[in-house]
Amino acid sequence: MKVILKNLTKKFQSYNKTGKSEVIAVNDFDFEIPDGKLIGLLGPSGCGKSTTLNLISGLEKPTSGQIFFGEDDVTNLPPENRGVGLVFQNYALYPHLTVRQNIYFPLENLKGKEKLSKEEMEKRVVNAAKMVQIDELMDRKPGELSGGQQQRVAIARALVKMPKVLLLDEPLSNLDARLRLQTREEIRRIQHETKVTTIFVTHDQEEAMSISDMIVVMKDGVVHQIGKPQDVYDHPVNLFVAKFLGTPPINVFTGKVAGGKLIIGTEEVMELSGVEDQEVYVGIRPEGFILQEDGPLSCDLKGVEVTGRDTTVVSTSAACLNTEIRSIMNAEIKVDAAQKCVRFALNPNKVKLFSAQTEKSIEFKAVRG
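Bear in mind that the values here come from a model prediction, so they are computed numbers and not experimental data.

With antiparallel pairing, seven strands are arranged side by side in an open sheet as E21-E20-E14-E11-E12-E13-E22. A single partner strand is all that each edge strand has here, and the edge strands are strand E21 (361–362) and strand E22 (365–366). As paired strands, strand E20 (residues 351–355) and E21 are joined by two bridges and run antiparallel to one another. The residue bridging Leu353 from the neighbouring strand is Ile362, located in E21.

Our focus in this paragraph is the pairing of strand E8 (residues 197–202). Counting buried residues along E8, six of its six residues qualify, which places the element largely inside the surrounding structure. Side chains Thr197, Ile199 and Val201 project from E8 onto one buried face, and the interleaved Thr198, Phe200 and Thr202 project onto a second face that is buried too. Both strand E3 (residues 38–42) and E8 contribute to a ladder of five bridges, which runs parallel. The residue bridging Leu38 from the neighbouring strand is Thr198, located in E8.

Below, the discussion takes up helix H4 (residues 147–159). Its 13 residues place the ends of H4 19 Å apart at the C-alpha level, agreeing with the 18 Å of an ideal helix rising 1.5 Å per residue. Of all 13 residues in H4, eleven are buried; the element is thus mostly enclosed. Along H4, the positions that sit buried rather than exposed are Gly148, Gln150, Gln151, Arg152, Val153, Ala154, Ile155, Ala156, Arg157, Ala158 and Leu159.

A few words now on the packing of aromatic side chains. Any pair of aromatic rings gets described here by the distance separating the centres and the angle formed by the planes. For the structure on display, the rule yields four aromatic pairs. Here the aromatic rings of Tyr94 and Phe105 are separated by 4.9 Å at their centres, their planes lie at 55°, and the arrangement is tilted. Residue Tyr94 is located in the loop between strand E6 (84–87) and helix H2 (99–108), and its partner Phe105 is located in helix H2; the two are separated by eleven residues in the primary sequence. The ring of Tyr233 has Arg285 sitting right over it, with the charged end atom 3.9 Å from the ring centre.

The subject of this paragraph is the domain arrangement of the protein. When cut into domains, the protein gives domain 1 (3–244) and domain 2 (251–366). Computed over C-alpha atoms only, the centres of domain 1 and domain 2 are separated by 38 Å. Taken together, the contacts link eight residues of domain 1 with ten residues of domain 2. Carbon and sulfur atoms supply 53% of the area buried between domain 1 and domain 2, which totals about 850 Å² over both sides. Linking domain 1 with domain 2 are zero salt bridges, by the criterion used here. Our count for the domain 1 to domain 2 interface comes out at six residue pairs in polar contact (both at pLDDT 80 or more). Tallying contributions element by element places helix H8 (residues 239–244) first for the side of domain 1 that touches domain 2, with three residues. A breakdown of the residues in the side of domain 1 that touches domain 2 according to their chemical character gives five nonpolar, one polar and two charged.

Basis of the calculations
- Residues numbered from 1 in each chain as written.
- Predicted model: local features only at pLDDT ≥ 70, side-chain atom pairs only at ≥ 80, totals over all residues.
- Heavy atoms only, no water.
- Pairing = 2+ DSSP bridges.
- Helix = DSSP H or I, 4+ residues; strand = E, 2+ residues; numbered from the N terminus.
- Buried < 20%, exposed > 50% of the residue type's maximum accessible area, 1.4 Å probe, protein only.
- Expected span 1.5 Å × (residues − 1).
- Phe/Tyr/Trp six-rings, centres within 6.5 Å; stacked < 30°, edge-to-face > 60°.
- Lys NZ or Arg CZ within 6 Å of the ring centre and 35° of its normal.
- Domains from an automatic or database assignment.
- Contact = heavy atoms within 4.5 Å.
- Buried area = accessible area lost by both parts, 1.4 Å probe.
- Salt bridge = Lys/Arg side-chain N within 4 Å of Asp/Glu carboxyl O.
- Polar contact = N/O pair within 3.5 Å; in protein donor to acceptor, adjacent residues only side chain to side chain.
- Nonpolar A, V, L, I, M, F, W, Y, C, P; charged D, E, K, R; others polar.

Below, the structure written as structure tokens:
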């Protein structure tokens, strides 16, 4: 089931010391979510991603705009008639009911043409439990389950209705790091098997990029970029998107383009073409630094972190806006931690330029010597 959002806007009334004001939580969201895909809504707290999910589910009514499921306008349709499955951060399981009863519960409320026989309901409950691999826990109650198991019950309960659209609102936030990794892989597997259109809300960019077919990056209710995760990472449209995606984050320097040369501080770090002389922000991904004795970019070495597979060189520069510069390289590369200065060449594919005035991305071509 494709989901179409047309100029979707949601405004809330806010009250403070100066009186009543208007807050735009979602601002003119225009997007078609393809059938059977998993879409990640990504952004910092307060960006409007959960509000967008609530609008799609029907829990909130838009101030303006339309929502379509396929060709059907569901903008004013109540939540129970939209055919959506919802999974929340806090699981929302009934503590006095068993796993079986929790999954069974939504089916008991079906009416009219959707009403099922007891045999059909039991079959669906068993199939949903098997899909999330909790079929051996059916007689336990939520208090007897781990956080990951409870989350699986919540997903099974959402899937048992065979929804047209599955909505997940920060479903992994309460899990520890290892369980988060395991459960997000399970969500991806389940989505592949069911092929149900899924919208996944998270503030964790690594989480969104690892399982989503496409990601939507939001800030202050505005969509900044939509695309495949790797494409958005490699080609951010502005400085906000570049800084939001990536762990460790992109290293941002102040610089300028002059006479076909990119200058950071007083150092000419790269020759390029296609860019007018101007002040710029220079974003360098951690994997874009190449350790080189005569490299054009010099930084003050602060430390070396060896984590087995990788080595992280930690340094600083007066031209860098980050507190510290983190450069990641193969662990086989040995770095003398006693030296005061390190020099780098740069991988042009991992260097991003942004206008100092608009913070929008600037396309360029590196001139290789």
